[in-house]
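Residues per chain, in single letters:
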Amino acid sequence: MTNSVSATPEQQTPMTDGLHRSVSLLSSVEKRSSSLPTDNLVDEAEEQFSWTTAIFRRKRIVHPDPGATATKRSVFDDPDLAPHYWPKKDYENLHRFDPTARWTYREEKALVRKLDWKIMLTAAIGFAALNLDRSNINQANSDSFLQDLGLTTDDFNLGNTVFKLAFLCAELPSQLVSKRIGPDRWIPTQMCLWSFVSLSQFWLTGRASFLVCRALLGVLQGGYIPDLILYLSYFYTKTELPVRLALFWMTMNLCAIIASFIAYGTLHMDGVAGAAGWRWLFMIEGILTLLIGVLSFFRMPASPTQTKTWFRPNGWFTEREEIIMVNRVLRDDPTKGDMHNREGLTLRRLWTAMCDYDLWPIYILGLMFGIPNTPPSTYLTLLLRDIGFNTFDTNLLTIPSQAFGIITMFVITLVSEFVNERTIVSMMEDLWTLPFLVALYALPSSPNPWVFFAVVTGLLSYPYTHPIQVGWCSRNAGAVASRTVNASLYNMFVQASGIISAQIYVASDAPRYRHGNEILIIICCINICFLYPGTKAYYIWRNRQRAKIWDAMTTEERAHYLSTTKDVGNRRLDFRFAH
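This structure is a prediction, so every number in the text was calculated from the model and none was measured.

Considering the overall build of the protein
Then comes step 1: On a plain count of helices and strands, the protein comes out with 24 helices and 0 strands.
Then comes step 2: The burial tally for the protein puts 58% of its 579 residues in the buried class.
Then comes step 3: A separation of at least 24 residues holds for 84% of the contacts in the protein among residues at least 6 apart in sequence.
Then comes step 4: Carbon together with sulfur atoms contributes 65% to the accessible area of the protein, which is approximately 24,200 Å² in total.

Structural data, given as structure tokens:
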């Protein structure tokens with residue numbers, strides 16, 4: 001297979017000058033693309049990477065020639081349809097867009113590896129910092145945190161509710177800010193702001209200061225996850241991002257393991273400078289997050305073509321690498337060229353995205369799927385303390401479930417790829433949780449501590465399917481503008497799930513929470529028997545509706561529709577929902 005490369009594009013220039021030059025090239029590029037051979041392009045199924053293929057079918061893999069063309073076939077190779085998918089004139093990477101560009105497997109593999117080290121690693125560290133500051137309240141709970149502040153279990157529940165409610169309310173505003181000023185600026189700012197609040201918990205004095213800090217943390221951390229996913233979508237294709245999101249969420253479990261060891265050490269500082277160990281826990285982890293936030297300002301470029309700056313004069317990527325990055329992403333998803341990365345959302349586009357009823361089934365799943373395992377997870381340290389383990393053993397005993405969780409999350413990702421399915425695979429989290437909840441409910445009032453530990457550890461080792469559902473929501477949103485809002489709305493429902501979960505284990509039901517576990521079992525059954533099967537049936541029905549209309553159109557009718565329609569994203573007739 002021969003490798004065809006494009007003519008050398010213009011040298012990178014400042015944005016305004018480069019924009020005019022890029023626009024002037026579009027007509028000539030379009031003429032070249034119409035006559036360029038396309039028989040050496042790669043169909044999507046040939047290119048897609050799969051962990052299952054890499055691990056379980058190693059002997060059957062036919063590795064392509066590293067020097068062969070890796071460019072994926074797309075709508076830009078159809079002279080009739082291509083003009084309807086062209087990037088906007090103010091798209092920040094337009095000066096590197098060239099549908100005639102071709103690249104090899106060797107080039108693409110080296111580039112993706114470079115992206116993983118430069119972009120993905122920074123994002124994973126930032127995500128770990130988020131989870132460090134979100135979960136340290138649970139480690140503090142294994143110490144004398146509640147007693148020192150004069151708090152009850154119900155006060156702790158109220159604090160979690162306040163945090164989730166503030167987090168929920170901040171989701172959409174955070175996304176609007178992120179789209180206006182860019183996630184590369186907003187994400188590090190968020191981290192630095194919440195780190196100050198986190199470390200200030202060293203000086204908590206009682207119920208009022210506890211609730212204020214929980215509210216501020218929720219406001220400042222809200223929207224961080226959708227912001228980060230939006231940022232990563234600038235660099236990765238839709239077949240690369242889900243796998244990395246799964247690895248991304250595995251850092252959450254890894255972070256929890258590290259946090260347990262940090263807590264084990266810092267809680268031994270009890271009495272240092274006259275302060276309790278849990279106070280030092282908040283101070284040390286807050287300072288660590290602040291350092292990561294400051295570093296992120298220097299490690300998050302605005303886009304694939306904007307890595308050059310005063311502290312990085314040579315940038316991270318060559319002109320050739322920028323051409324490959326931009327065109328591989330646009331070939332994979334042309335809607336990523338619909339908006340500038342500093343372009344805010346209009347109220348009309350915002351309202352349209354919010355009224356997208358086709359994503360409501362996924363929002364309902366976001367509200368319900370995590371409830372069955374959230375209370376046991378939140379109360380793990382208190383449950384272990386109540387059953388007879390001491391403060392330091394309790395923190396170490398939280399590690400096994402986190403370690404097993406990494407394994408089950410990776411396995412469920414393999415299963416999702418192998419069967420190319422989302423709905424039933426996502427349901428596996430609740431299917432795993434149900435028998436352990438029944439076992440927890442059936443235990444006697446004074447169980448053997450190690451039997452109780454085994455049941456709770458098994459329950460919390462569930463395969464976490466949230467990454468699959470996040471990618472599922474993003475995929476079904478369609479356009480960039482919709483994806484931004486819909487990711488926030490989905491995460492808002494997930495946070496609302498946390499608010500509901502915080503009301504299930506109440507002080508009057510302590511220490512075994514039998515009534516609470518009964519409620520969790522009922523919700524788990526509703527998810528398995530009704531919500532997930534209903535969601536799959538809905539998307540199958542919607543796809544059949546659209547296919548019936550689209551397949552009946554001629555090529556000319558399709559071109560006319562694409563040139564005249566006002567439908568965007570998943571409203572278009574050529575869009576198909578994943579399920």
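Considerations on the UniProt feature "transmembrane region" (unreviewed entry) in the protein
Then comes step 1: UniProt marks residues 216–234, 246–266, 278–298, 357–375, 395–415, 427–444 and 519–541 with the feature "transmembrane region" (unreviewed entry), using the numbering shown here.
Then comes step 2: Its end C-alpha atoms 32 Å apart, residues 278–298 is made of 90% helix and 0% strand.
Then comes step 3: End C-alpha atoms of residues 519–541 are separated by 32 Å, and the span's content is 100% helix alongside 0% strand.

Some words on the environment of Asn-341
Then comes step 1: Along the polypeptide, Asn-341 turns up in the loop between helix H12 (319–332) and helix H13 (347–354).
Then comes step 2: On a C-alpha basis, the gap between Asn-341 and Ser-303 in space is 7.8 Å, while along the polypeptide they are 38 residues apart.
Then comes step 3: In contact with Asn-341, other than residues within four places in its own chain, are Glu-92, Lys-179, Gly-182, Pro-183, Tyr-234, Ala-302, Ser-303 and Gln-306.

Re the confidence of the model for the protein
Then comes step 1: Across the protein, pLDDT averages 83, with 88% of residues at or above 70.
Then comes step 2: Contacts of residues 1–23 to residues separated by more than four positions or lying in other chains number 54 contacts, the stretch itself having pLDDT below 50.
Then comes step 3: Considering only residues more than four positions removed or in separate chains, one finds that residues 45–51, a stretch of pLDDT under 50, has 13 contacts.

Conventions we followed
Residues numbered from 1 in each chain as written. Predicted model: local features only at pLDDT ≥ 70, side-chain atom pairs only at ≥ 80, totals over all residues. Heavy atoms only, no water. Helix = DSSP H or I, 4+ residues; strand = E, 2+ residues; numbered from the N terminus. Buried < 20%, exposed > 50% of the residue type's maximum accessible area, 1.4 Å probe, protein only. Contact = heavy atoms within 4.5 Å. Areas by Shrake-Rupley, 256 points an atom, 1.4 Å probe, with all protein chains shown as cover. UniProt positions renumbered as here; feature names shortened; annotations may be inferred. pLDDT = per-residue confidence, 0-100.

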